[in-house]
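Survey of secondary and tertiary structure
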Amino acid sequence: MKLFITGFTQVFLVAMNTYLISKAMIIPVPVFVVGFLISFVWTFNVQKIAISNNAQRVVYSMGAASGAVSGLLISLTFWK
């Protein structure tokens, strides 16, 4: 479950940041904050996934895929 959540969180943030950047936000604070969080979460993910097996990699990847869809949907909802 932890691998799913960390994969989800990182790609959720990437999807949000991609959307924010594409909208060329006038005030770049959200882009900065989300960019920081992406890198911060990534530092934990590298450590966890580097010593994982294939089943754990699939779980992490499922979390990442779910995070991509959720990040896009949340971005569309809050930053139209």
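Residues numbered from 1 in each chain as written. Predicted model: local features only at pLDDT ≥ 70, side-chain atom pairs only at ≥ 80, totals over all residues. Heavy atoms only, no water.

1. Section: the overall build of the protein
- A count of helical and extended segments in the protein gives three helices and zero strands.
- Each helix (α) and strand (β) of the protein, taken in turn from the N terminus, gives the series α-α-α.
- By residue count, 28% of the 80 residues in the protein fall in the buried class.
- Expressed as a percentage of contacts within the protein between residues at least 6 apart in sequence, the contacts between residues at least 24 apart total 78%.
- Of the roughly 5,300 Å² of accessible surface on the protein, a fraction of 76% belongs to carbon and sulfur atoms. (Helix = DSSP H or I, 4+ residues; strand = E, 2+ residues; numbered from the N terminus. Buried < 20%, exposed > 50% of the residue type's maximum accessible area, 1.4 Å probe, protein only. Contact = heavy atoms within 4.5 Å. Areas by Shrake-Rupley, 256 points an atom, 1.4 Å probe, with all protein chains shown as cover.)

2. Quick notes on the nonpolar core
- Counting seven residues, the largest nonpolar core is built from Phe12, Leu13, Met16, Leu20, Val34, Ile38 and Val41.
- Taken together, the elements giving at least two residues each to this core come down to helix H1 (2–22) and helix H2 (29–50).
- The element that contributes the greatest number of residues to this core is H1, accounting for four residues.
- Look past the residues within four positions of Met16 in its chain and what remains in contact with it is Gly71, Ser75 and Trp79. (Core = buried A, V, L, I, M, F, W, Y, C linked by side-chain atoms within 4.5 Å.)

3. Examining the packing of aromatic side chains
- Taken as a whole, this structure holds four aromatic pairs when the rule is applied.
- Each ring, one from Phe8 and one from Phe12, has its centre 5.6 Å from the other, and the planes form 15°; the classification is stacked. Of this pair, Phe8 and Phe12 both sit in helix H1, separated by four residues, roughly a single helical turn.
- The exposure class of Phe8 is partly exposed, given its relative accessible area of 24%.
- Taking the centre distance of 5.2 Å and the plane angle of 80° together, the rings of Phe40 and Phe44 count as edge-to-face. Taken together, the residues Phe40 and Phe44, both in helix H2 and four residues apart, mark about one turn of the helix.
- Taking the relative accessible area as the measure of exposure, Phe40 reaches 44% and is therefore partly exposed.
- Pairwise contacts between aromatic rings join Phe4, Phe8 and Phe12 into one cluster. (Phe/Tyr/Trp six-rings, centres within 6.5 Å; stacked < 30°, edge-to-face > 60°.)

4. Observations regarding the side chain of Asn45
- Structurally, Asn45 is set in helix H2.
- Asn45 sits in the buried class, given a relative accessible area of 2%.
- Separated by 3.1 Å, the side chains of Asn45 and Thr6 make a polar contact.
- Not counting the four nearest positions on each side in its chain, Asn45 is found in contact with Thr6, Gly7, Gln10 and Tyr60. (Polar contact = N/O pair within 3.5 Å; in protein donor to acceptor, adjacent residues only side chain to side chain.)

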